[in-house]
Number of protein chains: 2
Amino acid sequence: MIASGASPVLPKIPGINARGVYTLSTLQSGIAIRAAVDHTPPRQAVLIGGGYIGLEMAENLILRGTQVTLVEKTPQVMNTLDPDMAGLLAEEIRKAGVTLYLEESLQGFELQGDEIRTVVTDRRTLPADLVIMGLGVRPNAGLAREAGIPVGETGGVKVNEGMETGMPGVWAAGNCTESLHLVSRRPVTIALGTIANKQGRVAGINIAGGQAVFPGVVGTAMVKVFDWEVARTGLQEREAEEAGLPFRSVKIEARTRAGYYPGAGKIHVKIVFNPENGRLLGGQIVGQEGAGKRIDVLATALHAGMTVEEMINLDLGYSPPFSPAWDPILIACRQAAGQV
Amino acid sequence: MIASGASPVLPKIPGINARGVYTLSTLQSGIAIRAAVDHTPPRQAVLIGGGYIGLEMAENLILRGTQVTLVEKTPQVMNTLDPDMAGLLAEEIRKAGVTLYLEESLQGFELQGDEIRTVVTDRRTLPADLVIMGLGVRPNAGLAREAGIPVGETGGVKVNEGMETGMPGVWAAGNCTESLHLVSRRPVTIALGTIANKQGRVAGINIAGGQAVFPGVVGTAMVKVFDWEVARTGLQEREAEEAGLPFRSVKIEARTRAGYYPGAGKIHVKIVFNPENGRLLGGQIVGQEGAGKRIDVLATALHAGMTVEEMINLDLGYSPPFSPAWDPILIACRQAAGQV
């Protein structure tokens, strides 16, 4: 059973091992960052990478009183969102006090002794007494590869529905493996605890002689950033294009609760769908309290292969403290169905 | 187009029209209760009926400092829940300060002049300066009946998928109509704004020459009572039995967020399923903040006709502020799948 996980992607730049430069991928690395912050509260933190790790650390360091700069080499944060939805989030992050530099890449570090002093980008030099590298992870497939076990183009260990590798009698599960994406029908590597847990359960049952199947994933992910809930599932526009699927999208703004109910927050819902057959392809949510977990309706509909037309009449829960009479998900589906 | 709504069920008891005795079914009746409470804060309110209206009014009157007694003739509140789930809710209502009398029925009122003074039950006499009758509603199908338009055994106007009545050219929508229950395949009348809205949209499109279909409902409903979120969908055990379906159920207790995350509240999930083919039949949730809207996953799965085995691997959203790695819905599905 191979459960070798994934490791943070790190550029080979002098200074990457300096004191004050961290990754956040294990419980130990989290404890180390917290101990460092508790010991000497950093004045200026620079976060490299605008994904989950960068965003979550931005929130927590701002709450601890640190000045935070986030550097991201692409034109947007959260590359699993479409640019328009990521733009809504970027605006809120900036309002919350984060200095956000997009389309800017890390060039190097300047040290004093073995301690970090500045981060050098292609645009400027940023003083830093704490740096966190959040450039994503890569499956630890080396052991499998050396053993002659097939590894996919994604870099993850290939497994069948039962989580068995290409070498009979050898199973794999978790962040080191590929999963089948149920919408694109292509293999993907998505390093999330939910998927790893489900895969581990299936592998364990089968190793013990049972019969379990892990059918695949739809790419659901969530993150909380300050007061904003961000969630996505299925294919974003770029992924739909890469999968060669016809796609169209709609985006709506609504409220998390009945408009007159206290605490009715904003919610933006974007839906990507196939305009030829109406099939839902994916969805994205950026909103306030109660917004994010609505992604589960879209995830479940993706598993079931539903069309946006079918989804209009989903009998979703309503009561003024929880939703408008038309749930925001349904409002988006209505708009989408009008374009099929 | 018949959109005549529904009217509160009221027993024919002397004193039912006394000053201080209210129903809550229209905006006007809500305004009237609020004006009365603002004018002379009631000391002792008696609520008749332990459904949504009774529970929501209990919360709001307690928050206004009124002593609240709730009288329900059946052995449980919320008859759309199974007794065990309703029991969890009853416990919380009592903790919040409501005096709850179950298996007790209204016998009459005592007035002073034209004002309510006491509520008489088969067990005791309760002083009351405010009484709210929450005994459910009945479709206003009289107009249709008099016109010779078919009315179902449920008391609601019969309509087809396009919301047309049995009289060609006459449509009906909202609380006066029947809906097809997609799990039991039987007609039901459920007086909820979500259903009325969806039906109205379909009727409107069709009256204007379009082609829209309202396939039916799965019986989703939610209510907030104090800090508790209550939700249900599909068939409860009694309904599964009435529909002649084999059923079994599981009940789990989990947390709304990762256990270590601040604000992780309790959530109880019950799932009713068909042990012969694994099909989900219904679900019920009683829990704290973030619990209730999880019902939407079950509602969507019911629309799609999913089995509990298929649901185990639903790729639902996870991040510690929103869910444990195994969402409580999935934990319940795992338990259920073990019994198929």
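Let me begin by describing the structure that accompanies this report. Small disclaimer: the values here were computed from a predicted structure and weren't measured.

1. Brief notes about the pattern of salt bridges
If you walk through the whole model with that rule in mind, you get 36 salt bridges over all chains. The salt bridge partner of B:Arg124 is B:Glu104, with a shortest N-O separation of 2.7 Å. You can see B:Arg124 sitting in the loop between strand E7 (115-121) and strand E8 (125-127) and its partner B:Glu104 sitting in the loop between strand E5 (99-101) and strand E6 (106-112), a full 20 residues away along the chain. Judged by its relative accessible area of 1%, B:Glu104 is buried. Several salt bridges converge on common partners, so that one network encompasses A:Asp82, A:Asp84, A:Glu237, A:Lys251 and A:Lys270.

2. Here's the deal with the packing of helix H7 (residues 295-304) of chain A against helix H7 (residues 295-304) of chain B
Two numbers describe how H7(A) lies on H7(B): the axes approach to 9 Å, and their chain directions differ by 20 degrees. Judged on the interaxial angle alone, H7(B) and H7(A) are roughly parallel. For the pair H7(A) and H7(B), the crossing hand works out as right-handed. Contacts between H7(A) and H7(B) involve A:Asp296, A:Val297, A:Thr300, A:Ala301 and A:Ala304 from the former and B:Asp296, B:Val297, B:Thr300, B:Ala301 and B:Ala304 from the latter. Counted by class, the contact of H7(A) with H7(B) contains six nonpolar, two polar and two charged residues.

3. Focus on the interface of chain B and chain A
With 47 residues of chain B in contact, the opposing surface of chain A contributes 47 residues. When chain B packs against chain A, the two sides together hide about 4000 Å² of surface, and 60% of this comes from carbon and sulfur. Counting the surface chain B buries against chain A, the share from its top three residues, B:Asn313, B:Asp315 and B:Phe322, is 19%. Counting across the interface, chain B meets chain A through two salt bridges. Put simply, A:Lys293 and B:Asp327 hold a salt bridge, and the shortest N to O gap is 2.6 Å. Linking chain B to chain A there are 20 residue pairs in polar contact (both at pLDDT 80 or more). Listing elements by their share of the side of chain B that touches chain A, those giving two or more residues are helix H5 (193-207), strand E13 (221-225), H7 and helix H9 (328-337) of chain B. Counting residues per element, the side of chain B that touches chain A draws most heavily on H7(B), at eight residues. Looking at the side of chain B that touches chain A residue by residue, the classes come out as 24 nonpolar, 11 polar and 12 charged.

Reading the values: the criteria
Residues numbered from 1 in each chain as written. Chains lettered and ligands numbered in written order. Predicted model: local features only at pLDDT ≥ 70, side-chain atom pairs only at ≥ 80, totals over all residues. Heavy atoms only, no water. Salt bridge = Lys/Arg side-chain N within 4 Å of Asp/Glu carboxyl O. Helix = DSSP H or I, 4+ residues; strand = E, 2+ residues; numbered from the N terminus. Buried < 20%, exposed > 50% of the residue type's maximum accessible area, 1.4 Å probe, protein only. Axes fitted to C-alpha atoms, helices over the stretch in contact; angles between N-to-C directions. Parallel < 35°, antiparallel > 145°, perpendicular 65-115°, else oblique. Left-handed = near helix turned anticlockwise from the far one by under 90°. Contact = heavy atoms within 4.5 Å. Nonpolar A, V, L, I, M, F, W, Y, C, P; charged D, E, K, R; others polar. Buried area = accessible area lost by both parts, 1.4 Å probe. Polar contact = N/O pair within 3.5 Å; in protein donor to acceptor, adjacent residues only side chain to side chain.

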